[in-house]
Amino acid sequence: MPATTAVPPPTAAPLPAGIAPITGEEARRLIHHAAGAELEALLARARAVREAVHGREVALCGIVNAKSGHCPEDCGFCSQSAHFPEAGAPAFPLLSARAIADQARTAERAGAREFSIVTSGTRVSREEELATLEEAVGLIRAETGVEPCASLGLLRPPELARLRRAGLMHYHHNLETARSFFPKVCSTHGYDEQLETIRAARDLGYQVCSGGILGMGETPEQRVELAETIRELGVHCVPVNFLNPRPGTPMAGVKAITPGECLAALAVFRLMMPAAHIFVMGGREVNLGELQHRIFDAGADGTMVGNYLTSAGGTPEQVVGMVRGQGLELRPPSTGRWSFTGAAAPETGWNERAVEAPRPARGLPVVG
Ligand code: SF4
């Protein structure tokens, strides 16, 4: 079990010659290049940056919904909020350490490099829950090669330090959207509270993962505003989600973001943050449909494998096949151990609480 103490945050490797982040001004212009030849030129540029900085490797991330529902926060996209009981998300207390570690092992066999323990609620702070999470992280480090991550809400430095000492490598907290749009998304906590958690995790030596959800009604310029904030925070990994409107939430009827807008935003994120790992997470299937493979053209070097928190994703075979179909390979974990054999194992009992069948893609495709 690696005992870790506070260490300086990881520093990004120098960028290859000729690669430099674009300015916010250029990003605000390019993000409107969401169709036709302009989009293709933008994708070609983003792809070239991805290949120059990150090579031909792509990382897969798996998650477990380790504690679901009954959340006192009111994030308008989230079916787990107690404010939106009609959304009908599953509700259950924190899984056991054994159950969490078993799901990490299943994710590893499906090709996951990183595995995140995700809980609902403002933050995890109860002693018995923290002890369970410490034990879970210890089991994952001892029994698997995946890099453990956790998304436990607005954690504070003492709890973050405790889990870091237990061997947790990554901490995830999404900003969700731009500061200027956040009041339309959530009223029960503030943007600055989120920044405090992210900065605290970074200062404790975590590889910090922070991104957001696109397509909640924000403008393209607000997508750039979000990326500017993330860039200033110096995060290691940027998960980009596209809204999959959940029935029963205030965002159930939000107009779909087009596939072209999704790809243009991704490409702009890549050009703004060449060194960051950019993952496409939730909403890939419903918003991109048969264009999912183009996330790699748009500069993504990671994506999700397995189910989402409360909805089903594609099978591991489909995801690994999509990566290989683009001439890319899976990036192994930094732990030096990995039970992934090269062929994605069938998903059995992994995040089985995601009960809904995949929904058809909406309004596709309009690229080209
Ligand atoms: S804090 Fe997390 S679980 Fe709670 S409503 Fe917001 S997104 Fe959902």
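The paragraphs below set out a description of the structure included in this document. (Residues numbered from 1 in each chain as written. Predicted model: local features only at pLDDT ≥ 70, side-chain atom pairs only at ≥ 80, totals over all residues.)

Counting secondary structure elements, the chain contains 10 helices and 10 strands. Radius of gyration (C-alpha) of the chain: 19 Å, near the 21 Å computed for a compact globule of 368 residues. Summarising its shape, the C-alpha atoms of the chain cover approximately 55 × 45 × 40 Å along the three principal directions. Across the 368 residues that make up the chain, the buried fraction comes to 55%. Long-range pairs, those at least 24 residues apart, make up 83% of the contacts in the chain with a sequence separation of at least 6. (Helix = DSSP H or I, 4+ residues; strand = E, 2+ residues; numbered from the N terminus. Rg over C-alpha atoms; globule rule 2.2 N^0.38 Å. Buried ≥ 20, exposed ≤ 12 C-beta atoms within 10 Å, placed from the backbone. Contact = placed C-beta atoms within 7 Å.)

Once that is clear, we can look at the pairing of strand β3 (residues 147-151). Looking along a regular strand, one sees the side chains alternate between the two faces of the sheet. Among the 5 residues in β3, 5 count as buried, and that is most of the element. Here β3 shows no split at all, with Glu147, Cys149 and Ser151 on one side and Pro148 and Ala150 on the other all buried. Summarising the sheet, strand β2 (residues 114-119) and β3 pair through 5 bridges and their orientation is parallel. The partner of Ser116 across the bridge, within β3, is Cys149. For the handedness criterion, the β-α-β arrangement of β2, helix α4 (residues 127-143) and β3 is classed as right-handed. Pairing of β3 with strand β4 (residues 170-172) involves 2 bridges; the strand directions are parallel. What sits directly across from Cys149, in β4, is His170. Taken together, β3, helix α5 (residues 157-165) and β4 form a β-α-β motif whose crossover is right-handed. (Pairing = 2+ DSSP bridges. Right-handed = clockwise from strand over helix to strand, strands pointing away.)

Turning next to the site of the ligand. Neighbouring the ligand are Cys71, Glu73, Cys75, Cys78, Gln80, Ser81 and Ser120. Among the residues making up the shell around the ligand, the classes are represented as 3 nonpolar, 3 polar and 1 charged. (Near = placed C-beta within 6 Å. Nonpolar A, V, L, I, M, F, W, Y, C, P; charged D, E, K, R; others polar.)

Attention now goes to the nonpolar core. Counting 105 residues, the largest nonpolar core has Val238, Leu266, Ala267, Val268, Phe269 and Phe279 as its most contacted members. When residues in this core are grouped by element, the largest group, 10 residues, is from helix α8 (residues 259-272). Contact partners of Val238, with chain neighbours within four places excluded, come to Ser210, Gly211, Ile230, Phe269, Met273, Ala276, Ile278 and Phe279. (Core = buried A, V, L, I, M, F, W, Y, C linked by C-beta atoms within 7 Å.)

This part is about α8. Between its terminal C-alpha atoms α8 stretches 20 Å, which fits the 20 Å expected from 14 residues at 1.5 Å a residue. With 14 of 14 residues buried, α8 is to be regarded as a mostly interior element. (Expected span 1.5 Å × (residues − 1).)

Attention now moves to the packing of helix α2 (residues 36-54) against α8. Relative to each other, α2 and α8 sit at 40°, their axes nearing to 9 Å. As summarised for this structure, α2 and α8 are arranged oblique, according to the angle between their axes. In the crossing of α2 with α8, the sense of the turn from one axis to the other is left-handed. Side by side, α2 and α8 meet where Leu39, Leu42, Leu43, Arg45, Ala46, Val49 and Arg50 of the first sit next to Gly260, Leu263, Ala264, Ala267, Arg270 and Leu271 of the second. (Axes fitted to C-alpha atoms, helices over the stretch in contact; angles between N-to-C directions. Parallel < 35°, antiparallel > 145°, perpendicular 65-115°, else oblique. Left-handed = near helix turned anticlockwise from the far one by under 90°.)

Moving on: the environment of Ile63. Residue placement: Ile63 occurs in strand β1 (residues 57-67). Sequence spacing of Ile63 and Ser151 is 88 residues, and the spatial spacing of their C-alpha atoms is 9.6 Å.

Our focus in this paragraph is α2. Taking 1.5 Å per residue, 19 residues should reach 27 Å; α2 reaches 26 Å between its end C-alpha atoms and fits that length. Turning to α2, its buried residues are Leu39, Leu42, Leu43, Ala46, Val49, Arg50, Val53 and His54. Summarising the axial view, the buried residues of α2 lie within an arc of 125°, below the 170-degree limit, and thus occupy one face. Away from its buried face, by an angle of more than 90 degrees, α2 presents the exposed residues Ala37 and Ala44. Turning to α2, the residues buried within the fold contact α1 (24-30), β1 and α8. Backbone geometry just downstream of α2 places Gly55 in the positive-phi region, at approximately 70°. (Arc of directions from axis to C-beta.)

Between helix α7 (residues 220-233) and α8, the shortest axis-to-axis distance is 10 Å and the interhelical angle comes to 30°. For the element pair α7 / α8, the angle class is roughly parallel. Crossing geometry of α7 relative to α8 is assigned as right-handed. Where α7 approaches α8, its residues Arg223, Val224, Ala227 and Arg231 are matched on the opposing element by Ala265, Val268, Phe269 and Met272. Grouping the constituent residues of the contact of α7 with α8 by class yields 6 nonpolar, no polar and 2 charged.

Turning our attention to unusual backbone geometry. For His70, which is not glycine, the phi torsion reads 60° and is therefore positive. Of note, His70 is situated in the loop between β1 and α3 (97-109). Residue classification places His70 among the partly exposed residues on the basis of 15 C-beta atoms within 10 Å. At Glu176, a residue that is not glycine, the phi angle is positive and equals roughly 75°. Structurally, Glu176 is set in the loop between β4 and α6 (191-203).

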